[in-house]
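Chain residues, written in single-letter form:
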Amino acid sequence: MKPTAPELLLPAGSLAKMRAAYDFGADAVYAGQPRYSLRARNNEFKLEQIAQGIQEAHARGKKFFVTSNLLPHNDKVRTYLRDIEPVIALKPDALIMADPGLIMMVRERWPEVPVHLSVQANTVNWASVKFWQKMGVARIILSRELSLEEVEVIRNECPDIELEVFVHGALCIAYSGRCLLSGYFNRRDPNQGTCTNACRWDYKTSAATDDTDAGDVQPVKLEGDFNFAQAQQEAESAFAACGGSPRHTLADKVYLLEEAQRPGQLMPIMEDEHGTYIMNSKDLRAVEHVARLTQIGVDSLKVEGRTKSLYYVARTAQVYRRAIDDAVAGRPFNPELLLELEGLANRGYTSGFLERRPMQDYQNYINGHSEIHRSHFVAEVRSVREDGWVEVETKNRFSVGDTLEIIHPNGNRRVKLDAMQGAQGEALSVAPGSPLRVWLPLGDGPVTGALIARML
């Protein structure tokens, strides 16, 4: 029997990103309610934008989900029904929620509104799925900590409820996002939507002692550079001697961490995995598992990244759309899709827990920032002249002689740039970066609404 195509669900941090997601193949998007989602910052979607987004989505035959997955303290419980009521009046296709109390309140007052259980609820077994189904939840967004085999067991045990699985995007140091690190270091609680991504900062370690009269942690001056390999070898030898596992044993010393952008702010931590980026996960990429997830019968494949760029949204939508269409048609996996995702800035890719791998495969100890490996987003198309020249708004540097990739919903193509003009028609050799408007000859083929990348 031909498998059913799962929904492709993309993040929408803005209306422009929402439109790009739909243009490049998404069936649905999710956008956060600012005060009550885990993207309280960098979020364009106030009530007016939510209304416009829902209207545009439904006009296109698409779906629009509102993320309201905060784990609230009492003060936000008090205001929740008041603030969610005008959102529900706009008729979103579902609310994505995590807190049992808020779910109970919404189900009691608006039983007709579909509720999707957020990944924040950490659903890892079929019994929990059945519990939430009895509570009236329409869809379960499964925890990222599940293998493909575990997802399949849940599908078999729970055949009559929708299941959603993350297939791309950032991974957290904590269990499906329940992280206290940012709150500990910066007093910005990740579970209240204000995460500072402290797990990806650039740390330096300093030895410390708490032998002061007051019991305070004080730095100890280190002579020379810290030798990570030596320290790791010593720790493993010590743990092995007492029958322990170095991977799960705490150090017997206190260390002070200093982040590169916060000199002088020493933060105590006890941990024996000393590295420049000791807590930084690689990014999730599961495009090669789309066929298996489709065969299992997962209802929705989800891409993470409401704070990512418009280019990220367009690229991931296009790639995962092709992967889903290939899977449903029975075509073999196209490895070119892996290369296209390398065109996005990333911290290295992993399939996460979908496949069981050595622990070091999940972590990136080398750097905490995203790197660009194959192509670089450089411009957006704004208009086309009668002579065929295309006006673009630049985002990053590119030059005459570069090979450009025109990324369009109808298909991508490459051209070598042999000329460039400024706003007054003057010849240019370089577009130095944002924000400029320049004119390019991009040859035949569709360009309206296209994004442009420079091939590296």
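Residues numbered from 1 in each chain as written. Predicted model: local features only at pLDDT ≥ 70, side-chain atom pairs only at ≥ 80, totals over all residues. Heavy atoms only, no water.

Explain the sheet that holds strand S16 (residues 389-394) to me, using residue names and the numbers behind them.
The strand order across the open sheet formed by 6 strands is S19-S18-S22-S15-S16-S21, and the pairing between neighbours is antiparallel. Both outer strands of the open sheet, strand S19 (413-416) and strand S21 (437-441), are each paired with one neighbouring strand and no more. On average, adjacent strands in this sheet sit at an angle of 40° to one another, irrespective of strand direction. (Pairing = 2+ DSSP bridges. Helix = DSSP H or I, 4+ residues; strand = E, 2+ residues; numbered from the N terminus. Axes fitted to C-alpha atoms, helices over the stretch in contact; angles between N-to-C directions.)

How would you explain the nonpolar core if you had to name every residue and give the values?
The biggest cluster of nonpolar side chains holds 80 residues, and the ones touching the most others in it are Phe64, Ile140, Leu142 and Tyr320. Ranked by the residues each element gives to this core, the list is headed by helix H10 (residues 310-329), at 12 residues. A domain-level breakdown of this core finds at least three residues from each of domain 1 (7-195 + 281-361) and domain 2 (375-455). Excluding anything up to four places from it in sequence, Ile140 contacts Leu117, Thr123, Val129, Trp132, Ile161, Glu162, Leu163 and Glu164. Counting residues in each nonpolar core, the second largest holds 18 residues, with Val381, Val390, Leu442 and Ile452 among its members. (Core = buried A, V, L, I, M, F, W, Y, C linked by side-chain atoms within 4.5 Å. Buried < 20%, exposed > 50% of the residue type's maximum accessible area, 1.4 Å probe, protein only. Domains from an automatic or database assignment. Contact = heavy atoms within 4.5 Å.)

Before we move on, could you go through the pattern of salt bridges and cite the residues and values that matter?
Taken as a whole and judged by the stated rule, the model has 29 salt bridges. One salt bridge connects Glu85 with Arg109, and the closest N-O pair in it is separated by 3.5 Å. In this pair, Glu85 sits in helix H3 (residues 74-89) while Arg109 sits in helix H4 (residues 100-109), placing the two residues 24 residues apart along the sequence. Several salt bridges share partner residues, and in doing so they unite Glu380, Arg382, Glu391, Glu393, Lys395 and Arg437 into one network. (Salt bridge = Lys/Arg side-chain N within 4 Å of Asp/Glu carboxyl O.)

Tell me about the packing of helix H5 (residues 126-134) against helix H6 (residues 148-157), and please be specific about residues and values.
The interhelical angle for the contact between H5 and H6, taken along N-to-C directions, is 45°, at an axis separation of 9 Å. Here H5 lies oblique to H6, going by the angle between them. Like other packed secondary-structure pairs, H5 and H6 cross with a definite hand, here right-handed. In contact with Trp126, Val129 and Lys130 of H5, H6 contributes Val153, Ile154 and Glu157. (Parallel < 35°, antiparallel > 145°, perpendicular 65-115°, else oblique. Left-handed = near helix turned anticlockwise from the far one by under 90°.)

Quick one: what's the story with the confidence of the model for the protein chain, residue by residue and with numbers?
Here the protein chain averages 83 in pLDDT, and 74% of its residues register 70 or above. Residue range residues 238-252 is modelled with pLDDT below 50. Its contacts to residues more than four positions away, or to other chains, number 14 contacts. In the model, residues 270-276 has pLDDT below 50 throughout and makes 24 contacts with residues more than four positions away in sequence or in other chains. (pLDDT = per-residue confidence, 0-100.)

Please provide a residue-by-residue account of helix H1 (residues 15-23), values included.
When H1 is considered as a whole, its buried residues turn out to be Leu15, Lys17, Met18, Ala20, Ala21 and Tyr22. Tucked inside the fold, the buried residues of H1 contact strand S1 (7-11), strand S2 (28-32), helix H2 (47-59), strand S3 (63-67) and H10. At the exit of H1 stands Gly25, carrying a positive phi of roughly 125°.

Explain H3 residue by residue, including any values.
Under the 1.5 Å per step criterion, the end-to-end length of H3 is 24 Å for 16 residues, consistent within 8% with the ideal 22 Å. Considering bend angle alone, the principal kink of H3 is centred on Tyr80 and spans about 45°. Residues Lys76, Thr79, Tyr80, Leu81, Asp83, Ile84, Val87 and Ile88 constitute the buried set of H3. Those residues of H3 that are buried are in contact with H2, S3, strand S4 (94-97) and H4. Looking one or two residues beyond H3, the residue adopting positive phi is Lys91, at roughly 65°. (Expected span 1.5 Å × (residues − 1). Bend = angle between axes of the 7 residues up to and from the residue.)

Summarise the packing of aromatic side chains; cite the residues concerned and give the values.
A complete count under the given rule lists 4 aromatic pairs for this structure. Plain terms: the ring middles of Tyr36 and Tyr80 are 5.1 Å apart, the flat faces sit at 85° to each other, and that makes the pair edge-to-face. A residue pair is termed long-range when its members are at least 10 positions apart, and Tyr36 in the loop between S2 and H2 and Tyr80 in helix H3 qualify at 44 residues. Judged on exposure class, the residue Tyr36 and its partner Tyr80 are both buried. Centroid distance Phe131 to Trp132: 5.2 Å. Interplanar angle 75°. Geometry classified as edge-to-face. The class of Phe131 is partly exposed, set by a relative accessible area of 45%. For Trp132, a relative accessible area of 11% gives the class buried. (Phe/Tyr/Trp six-rings, centres within 6.5 Å; stacked < 30°, edge-to-face > 60°.)

Pulling in residues and values, what's your account of the side chain of Arg321?
Secondary-structure assignment places Arg321 in helix H10. Excluding residues within four positions of it along the chain, Arg321 makes contact with Leu8, Phe24, Gly25 and Asp27.

Just give me the short version of the environment of Ile154, but keep the residues and values in it.
Counting through the fold element by element, Ile154 comes out in helix H6. Overall, Ile154 belongs to the buried group, its relative accessible area being 2%. Residues Ile154 and Ser128, 26 residues apart in the sequence, show an inter-C-alpha distance of 9.7 Å.

How would you summarise the packing of H1 against H2 if you had to cite specific residues and measurements?
It is at 10 Å that the axes of H1 and H2 come closest, and there the two elements cross at 15°. By the angle between their axes, H1 is roughly parallel relative to H2. For the crossing formed where H1 meets H2, the hand is right-handed. Counting all contacts with H1, which are made through Leu15, Met18, Arg19 and Tyr22, the residues of H2 involved are Gln49, Gln52, Gly53, Glu56 and Ala57. Here the contact of H1 with H2 is built from residues that sort into 4 nonpolar, 3 polar and 2 charged. (Nonpolar A, V, L, I, M, F, W, Y, C, P; charged D, E, K, R; others polar.)

Could you give an account of the environment of Val113, with specific residues and numbers?
On the secondary structure map, Val113 appears in the loop between H4 and strand S5 (115-117). With a relative accessible area of 8%, Val113 lands in the buried category. Taking C-alpha positions, Val113 is 7.9 Å from Asp93, a pair spaced 20 residues apart along the chain. Once you skip the residues sitting within four places of it in the chain, Val113 turns out to touch Ile88, Leu95 and Arg107.

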